[in-house]
Structure formats: C-alpha cells, structure tokens
Amino acid sequence: MRLLVLGGTEFVGRAVVEAAVARGWDVTVFHRGRHAAPAGVRALHGDRTAPDGLAALADGAWDAVVDTWSAAPHAVRDSARLLRGRAGRYVYVSSCSVYAWAPPAGYAEDAPLVEGADPDAGQTEYARDKRGGELAALGAFGADRSLLVRAGLIIGPYENVGRLPWWLNRTARGGPVLAPGPRDLPLQYIDVRDLAAWILGGVERELSGPYNLVSPQGHATMGTLLEACAQVTGGGAELCWTDPEVILEAGIAPWTELPVWVPPGSDLHDALHSSDVSRAVAAGLGCRPVEETVADTWSWLHSLGGVAPQRPDRPDKGVDPETEAKVLAQAHGRQLP
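Procedures and definitions
- Residues numbered from 1 in each chain as written.
- Predicted model: local features only at pLDDT ≥ 70, side-chain atom pairs only at ≥ 80, totals over all residues.
- Heavy atoms only, no water.
- Buried < 20%, exposed > 50% of the residue type's maximum accessible area, 1.4 Å probe, protein only.
- Helix = DSSP H or I, 4+ residues; strand = E, 2+ residues; numbered from the N terminus.
- Contact = heavy atoms within 4.5 Å.
- Salt bridge = Lys/Arg side-chain N within 4 Å of Asp/Glu carboxyl O.

The protein appears in an unreviewed UniProt entry as Reductase from Streptomyces glaucescens.

Structure (structure tokens):
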C-alpha cells in the first residue's frame, strides 16, 4: 500500500504512520518540518496554509491519503482537490463534535449534523470546521471514496492535548487525589494506536462513509482509568471519590480542569461518552485494555521527564492544587501534603 499522511509527526498522524510502516507500507509524510518525521518514511515539506504550500505534492500517486486537519476547511478542500486524480481514497479524521448539539444518548452516524459548515470557509469553530473538512473530502472524492472517521476522546502515547498526561502526573505526585465520581461512570475513548489500526484496516477494506470511532460503551469507567494511573505511577496516590455535585458547586470545570470527566446525566456526557459504535465494531474495531493504554502512555511520558508536548491551540488541562486541596478538605476532611 502507498500511503500519504498529511501531517504525521505528532499524535494521531504519527500513530498512523508508525502503524503503516510496521505493516510494510510505502509511506509518504507531508508536513511543515517543525517535528522530525518517524523513521522509514519519505518526507515532503510544505505549509498547506501558505500560497503554493502544496507544491511538494505536485507529483506522486497513492492508494490512500490520511488527513487529520482541524482548522480552516479550505485547507482540506485544496489538498483533496489536488489529490483526487492521484489517490484512491481520502481518509479524513473528523470528530463526534460534528453532530448537532445536543446529540441524544446512543447516537449513531445518522444523527443530525451541525449547521453552517462550509468546505470553502476559513477557520470558525471546531465543530463546523471539522464538518467543513468532511464536506471538502466528499466534494473531491465523492461518497464512495471518502472515509470519515468521527473520533471521540483520543488518548495514548504522543498525546499533545494534555488529558491523560495530566492524570498520570497528578497520581505520580501521590497523596489524596480529587477523583471525580461516580467511580463506575462509563467512559468512551480510543487509544490512538487502535484508531490508527482501524484506519489502515479501513483503507484495506476500501471502507467509505462516516464511522463513530471510540471504544464501545462499558469498555472503561472513570474508576478503571484512574486506578490504572495510580497503579502504574506508583506514587502512593489515594483516590478520593467525590460526588459530581460537590465538584460542580466548587466551580471546577468538567473536561478541562478534571480531564476526561463530565458529570453523569448531562448533555456533555451523552455527547462524549455514549455514542453508538456498532458500525465501527462490525468493521473491525478492536480496543486494548485501559491498563495497557495507561501503562504505555506513562512509559512514554516518563521518558520525557513527565513533560508532554502541548498543542498551542488547545488550553492547558488540570485543576490547580489550591482548589483541589480546598475541595478535598471540605468533602473528605483531607489535606494535601
């Protein structure tokens, strides 16, 4: 297989590249040169937002293109138009955010989509930009040669968004940890390597159309995730499970200040942790245990001295120690050391 990855040097794109190289595929990576490309690939340089930024892609043919772009949709439009006669399939890594708010619990790929998206638009807001990217792929490659991967929460090695790395560093510090409950709150996420494997399988199977891509409901809970973090870091963390009402009353923001977590019964939880992924499972989706994802991410993070890369266009994650200590004292009578 000849694969072109637009990006391919950081998180999702890098996982796709490494998985494809491991399969013996012929991989080309097109990127800006800000990060080193993985070993075993042909690297082309260019900035798709600049005039003539796609010049390095003027020649060449590929069986598939993988694009993870999440800003102005017109960048996807330009790339897809340039490649439509020289690539067999366009895989666009989209997002479950493309569904109209608020999607009902158990929503599938036929749920209503966000309005106002335009493949010719500049950068607006995340949901419309991702949907605009989908429309751009469809416009150039058609419904039969476009694969739209609507990923949810993505974690694993190389994460540059700061969710799982924050929990790992927090549990590594030890002591009482503000653990947002309930402990059995179901989570949906996808290990970036399982996402990459499914994408490559989709290319081999010549899949097309949209797929929700996260773990099946029940694959993990807030408890299994944080207990795995405490176990692997060995920092003597004591998970203090705290009622959602207490956390919200303290003004702590779900998802950002306590990454991954959103309160049960909320629109946000339904949107992030309750999608129907039966179509992806039927098409070969497999998800490794949460303990493996956490352990491998900790091994990678530990090799970096605990400092994960951080995308500049994403906010920092995590609750500040003072607020955490205050809530722990009020809810559990515990003080941070």
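After that view, the rundown keeps rolling.
J.: Would you mind going over helix α1 (residues 12-22) in detail, with residue names and values included?
T.: Those residues of α1 lying buried are Val 12, Gly 13, Arg 14, Ala 15, Val 16, Val 17 and Ala 20. Residues of α1 that are buried in the fold lie against β1 (2-6), β2 (26-31), β4 (62-67), β5 (87-95), β7 (154-155) and α5 (192-205).

J.: So, the pattern of salt bridges: which residues are in play, and what are the values?
T.: Counted according to the given criterion, the structure contains 18 salt bridges. Linking Arg 150 and Glu 134 is a salt bridge whose minimum nitrogen-to-oxygen distance equals 2.9 Å. Highlighted residues: Arg 150 in strand β6 (residues 146-151) and Glu 134 in helix α3 (residues 126-141), separated in sequence by 16 residues. Classification of Arg 150 as buried rests on a relative accessible area of 2%.

J.: With reference to specific residues and values, describe unusual backbone geometry.
T.: Residue Ala 102 is reached from Trp 101 by a cis peptide bond, and omega for that bond is -5°. Mapping Ala 102 onto the fold places it in the loop between β5 and α3. Cis rather than trans, the peptide bond between Gly 181 and Pro 182 has omega equal to 0°. Its identity as a non-glycine residue notwithstanding, Glu 206 has a phi of 60°, on the positive side. Among the secondary structure elements, Glu 206 is positioned in the loop between α5 and β11 (209-213).

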